[in-house]
Amino acid sequence: AGMEGSGDASMAVADWRLAVWTLCSVLLPVLITAWCSYQRSRRQLLIRDIFRKSKHDWHYTDLFGQPSYCCVCAQHILRGAFCSCCGLRVCERCLKKADQRFLCKEIMMRGTAGAPSSMPHHWIRGNVPLCSCCIVCKQQCGTQPKLCDYRCVWCQYTVHDECMVDYLRTEDCTFGEFKDLIIPPYYLSAINQMRKEKRTSYEKVVPYGRKHWMPVMVLANTRSGNNMGETLLGEFKMLLNPVQVFDLSKIGPAKALQLCTWLPCNTVRVLVCGGDGTVGWVLDAIDEMKIKGQERYIPQVAILPLGTGNDLSNTLGWGAGYAGEAPVEQILRNVMEADGIKLDRWKVQVTNKGYYNLRKPKVFTMNNYFSVGPDALMALNFHAHREKTPSLFSSRIINKAVYFFYGTKDCLVQECKDLNKKVELELDGERVELPSLEGIIVLNIGYWGGGCRLWEGMGDEPYPLARHDDGLLEVVGVHGSFHCAQIQVKLANPVRLGQAHTVRLILKSSKMPMQVDGEPWAQGPCTVTITHKTHALMLYHSGEQTDDDDASSLSE
């Protein structure tokens, strides 16, 4: 009995030991994971706090795109923080030190007496761009696997450690290749001081009167197209003064464009990074400047197409879509070399029938086209789908695939048939007899539907030239979605209904889909009147249209 009792006791002890070890083996990983999670969240809070208070434009990355070294401890780093303005790269441990030790690009020069007309280089050590050359010995920089060599954050010149001499540290910066596009910090300091003193003789400030100075402003919509806007913002801030670069998701174009009033009249160029809708938003803000009496400060507008359709961009020679194939430096060169042209803008007034004219008419501004019929129906279905699941529509390819799906569906259903029986069309006051149609499209520009030259069609018939600055609209009809597809691949011609200065369309009965520049809605009986509103000053870059037909390009 004694032996049995001692055996039971030893088994109980063994069971307790097993239970304790099991508990430890379960709890220990949980406690370690919880501790690591707490430390990570605490570290992230500290990093966020530094980001918020810093004058640098810090961003965190899990993997740098090229070999990188911490600017403080000089160790090789795979992840860490980088400043999108000056290009500093740093590991997590050294972030606070780097933030205190290194100055970022200055928007304005601080505490300078008088009105300076120059500033020294601002050198940053290490992580120079790949394939950059030393300005002294002309040999490649950044070839050694360590933190080495220098880069000026303004002129982008690079120099070897051993070539860095005293005169380079104090030499005036020339602002490099893009000196004609950059707004120097000393210029803004001088203008700011003059404004405080209520003086307006800006022409005395360098480089106000310089012959080729054409300061550029970058307005980027970070939500457009392939969501490339965020990356582009950082790249433009690296090359220009950060004050010239605006995120339209944080500041509206009307407020951003007030920078033009600090700059010489008729010299500013604006690069809009986004789709045709973003361009229209910026042009509306420019029209507001006219109303405020700021017409002499109105800039010329270039486009970097990030949207889905990009027909206006294509018409003006900036291409059908940007996916990072050209470096930002080349984009700025294109903006410098572009020629100024005018673009007609139109007023579209939609007056509902009935209601004893108590309802105010809807008024839109049109840059590209107005339509009623199958293409407006596709746009309406697309927008309804995007409103439900916006996360699915971050890719230009997916967007076009959805358009294709709805176009194919309409070929089978034909929801817009017998349009000619439901509408009346007047061109410059004269009624037009309509053949059997499903859609009517009123064009201001050469491209439609994501790269199709609708007015020209197959190009095998004589037709009047179409321009975007002649005060004339081109009006065409289509037989349906399948007919639209045939026109896009040059297998058919549109039904050309004519050209006019004023277009009037009366929807007599039923509800039909309509759109202005890709913004669709379902419309009941109404009268649509399209009249000329104003001209916009745009920039034209030759040689980027997707259609390589020489005859077509002449019609621009």
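Residues numbered from 1 in each chain as written. Predicted model: local features only at pLDDT ≥ 70, side-chain atom pairs only at ≥ 80, totals over all residues. Heavy atoms only, no water.

## Quick look at the environment of Asp276
In plain terms, the rule: Only runs of H or I of at least four residues qualify as helices and only runs of E of at least two qualify as strands under DSSP, and these elements are numbered from the N terminus. Note on exposure labels: buried denotes an accessible area under 20% of the residue type's maximum, exposed denotes more than 50%, and partly exposed covers the range between, all computed with a 1.4 Å probe on protein chains only.
Examined against the element boundaries, Asp276 turns out to sit in helix α7 (residues 276-291). Judged by relative accessible area, Asp276 falls into the buried class, the value being 14%. Through-space distance from the C-alpha of Asp276 to that of Leu312 is 6.3 Å; in sequence the pair is 36 residues apart.

## Considerations on helix α9 (residues 328-337)
This is how the line gets drawn: The arc under discussion is defined with respect to the helix axis, by the directions toward the C-beta atoms. Contact between two residues is taken to exist if any of their heavy atoms lie within 4.5 Å; hydrogens are not considered.
When we look at burial in α9, the residues that qualify are Val328, Ile331, Leu332, Asn334 and Val335. The buried side chains of α9 occupy one side of the element, clustering within an arc of 155 degrees when seen end-on. The elements touched by buried residues of α9 are β9 (216-220), α5 (229-239), β11 (269-274), β12 (300-305) and β24 (526-540).

## Here's the deal with the packing of α5 against α9
Between two packed helices, both the angle of their axes relative to each other and the distance between the axes serve to describe the pair. Spelled out, the test is: Under this scheme, a helix contributes an axis fitted over its contacting stretch, all axes are lines through C-alpha atoms, and angles between N-to-C directions fall in the 0 to 180 degree range. If an angle is under 35 degrees, it is roughly parallel; if it is over 145, roughly antiparallel; if it lies from 65 to 115, roughly perpendicular; otherwise it is oblique. Helix crossings get a hand from a simple test, with the near helix turned counterclockwise from the far one by less than a right angle marking a left-handed crossing and a clockwise turn marking a right-handed one. Asp, Glu, Lys and Arg are counted as charged, while Ala, Val, Leu, Ile, Met, Phe, Trp, Tyr, Cys and Pro are counted as nonpolar; the rest, among them Gly, fall into the polar class.
Running from amino to carboxyl end, α5 crosses α9 at an angle of 70 degrees, the nearest separation of the two axes being 10 Å. Considering the angle they form, α5 stands roughly perpendicular to α9. Crossing handedness for the pair α5 and α9: right-handed. Residues Leu232, Glu235, Phe236 and Leu239 of α5 form the contact with α9, whose participating residues are Val328, Glu329, Ile331 and Leu332. Class assignment of the residues belonging to the contact of α5 with α9 gives a composition of six nonpolar, no polar and two charged.

## Observations concerning the sheet that holds strand β5 (residues 89-90)
Threshold: If DSSP finds at least two bridges between two strands, the strands pair.
In space, the three strands of this open sheet follow the order β1-β4-β5, with antiparallel pairing throughout. For this open sheet the edge positions go to β1 (58-61) and β5, each flanked by a neighbour on one side alone. For β1 and strand β4 (residues 80-83), the ladder comprises four bridges, and the chain directions are antiparallel. Paired with His59 across the strands is Phe82, a residue of β4.

## Considering the side chain of Asp311
Tracing the backbone shows Asp311 in helix α8 (residues 311-315). The class of Asp311 is buried, set by a relative accessible area of 1%. Apart from the residues within four sequence positions on either side, Asp311 is in contact with Asp276, Tyr369, Ile445, Tyr447, Trp448, Gly449, Gly450 and Gly451.

## Describing the sheet that holds strand β7 (residues 150-152)
The strands making up a sheet are joined through hydrogen bonds of the backbone, oriented either antiparallel or parallel. Reading across the sheet, the three strands line up as β6-β7-β8 and stay open at both edges, with antiparallel pairing between neighbours. Lying at the two open borders of the sheet, with one neighbouring strand each, are β6 (123-125) and β8 (158-159). In the sheet, β7 pairs with β8 via two bridges, with the strands oriented antiparallel. Its bridge partner being in β8, Arg151 is matched across the sheet by Thr158.

## A short note on the UniProt feature "transmembrane region" (unreviewed entry) in the protein
Which entries qualify depends on this criterion: UniProt positions are given in the numbering used here, feature names are shortened, and annotations may be inferred rather than shown by experiment.
UniProt tags residues 18-38 as "transmembrane region" (unreviewed entry). Along residues 18-38 the backbone is 100% helical and 0% strand, and the end-to-end C-alpha distance reaches 30 Å.

## Comments concerning the pairing of β12
Moving residue by residue along a regular strand, the side chains alternate between the two faces of the sheet. What counts, and what does not: The handedness of a crossover follows from its direction of travel: if, with the strands pointing away from the viewer, the path from the first strand over the helix to the second runs clockwise, the crossover is right-handed.
Counting buried residues along β12, five of its six residues qualify, which places the element largely inside the surrounding structure. Where β11 and β12 come together, six bridges link them in parallel fashion. Of the residues in β12, the one forming a bridge with Val270 is Val301. Once you follow β11 into α7 and on to β12, the crossover reads as right-handed.

## Brief notes about the pattern of salt bridges
Opposite charge on two side chains allows them to pair when their charged atoms are near. So the rule is basically this: Salt bridge criterion: a side-chain nitrogen from Lys or Arg within 4 Å of a carboxyl oxygen from Asp or Glu.
Tallied over the entire structure, the rule returns 15 salt bridges. A salt bridge links Asp57 to Lys237; its shortest N-O distance comes to 3.0 Å. Remark: Lys237 occurs in helix α5 and Asp57 occurs in the loop between α1 (2-53) and β1; sequence separation between them is 180 residues. When its relative accessible area of 21% is taken as the criterion, Asp57 is described as partly exposed. Owing to a relative accessible area of 17%, Lys237 belongs among the buried residues under this scheme. When the shortest N-O distance is used, the salt bridge between Asp287 and Lys290 registers 3.6 Å. Of the two residues, Asp287 and Lys290 both sit in helix α7, three residues apart, roughly one turn of that helix. Classification of Lys290 by relative accessible area gives partly exposed; the value is 23%.

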